[in-house]
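Here is how the chains run, residue by residue.
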Amino acid sequence: MKKFIFSLFLALICFAGQAQAAVEMADQFRADGKIYVVIAIVAIILTGIFIYLFRLDRKITDLEKRIK
């Protein structure tokens, strides 16, 4: 079992190293100045997800208090 986990870990490290080699699209966005638009959109989406999860957690906590 330990050998399997270790080999899986090594495989993931290899895949992560290969994924960082293909950044031509990011370089083009950076050269055109559009990378800031991409970063802003990702930030807005992540902020929306975090706000949704925070509100959902508060609602669930309130429901749990009502049940008890």
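Conventions we followed
- Residues numbered from 1 in each chain as written.
- Predicted model: local features only at pLDDT ≥ 70, side-chain atom pairs only at ≥ 80, totals over all residues.
- Heavy atoms only, no water.
- Helix = DSSP H or I, 4+ residues; strand = E, 2+ residues; numbered from the N terminus.
- Buried < 20%, exposed > 50% of the residue type's maximum accessible area, 1.4 Å probe, protein only.
- Areas by Shrake-Rupley, 256 points an atom, 1.4 Å probe, with all protein chains shown as cover.
- Patch = residues over 30% accessible without salt bridge, like charges linked within 9 Å, V, L, I, M, F, W, Y side chains within 5 Å.
- Salt bridge = Lys/Arg side-chain N within 4 Å of Asp/Glu carboxyl O.
- pLDDT = per-residue confidence, 0-100.

### Description of the overall build of the protein chain
- Of the regular secondary structure elements, the protein chain holds 3 helices and 0 strands.
- Ordered by position from N to C terminus, the α and β elements of the protein chain give α-α-α.
- Out of the 68 residues in the protein chain, the part that is buried amounts to 1%.
- Summing over all exposed atoms, the protein chain offers an accessible surface of approximately 6700 Å²; the carbon and sulfur share of this is 71%.

### Some words on a nonpolar patch on the surface
- Together, Val37, Val38, Ile41, Val42, Ile45, Leu46, Ile49, Phe50, Tyr52, Leu53, Leu56 and Ile60 line one region of the surface with nonpolar side chains, adding up to about 1100 Å² of accessible area.
- Looking at the element boundaries, Leu46 is found in helix H3 (residues 35–67).

### Comments concerning the environment of Ala26
- The topology assignment puts Ala26 in helix H2 (residues 24–32).
- Owing to a relative accessible area of 24%, Ala26 belongs among the partly exposed residues under this scheme.
- Separated by 12 residues in the primary sequence, Ala26 and Val38 place their C-alpha atoms 9.7 Å from one another.

### Structural notes on the confidence of the model for the protein chain
- Confidence in the prediction of the protein chain, expressed as mean pLDDT, is 82, and 87% of residues score 70 or more.
- For the protein chain, the element scoring lowest by mean pLDDT is helix H1 (residues 2–19), at 69; H3 scores highest, at 93.

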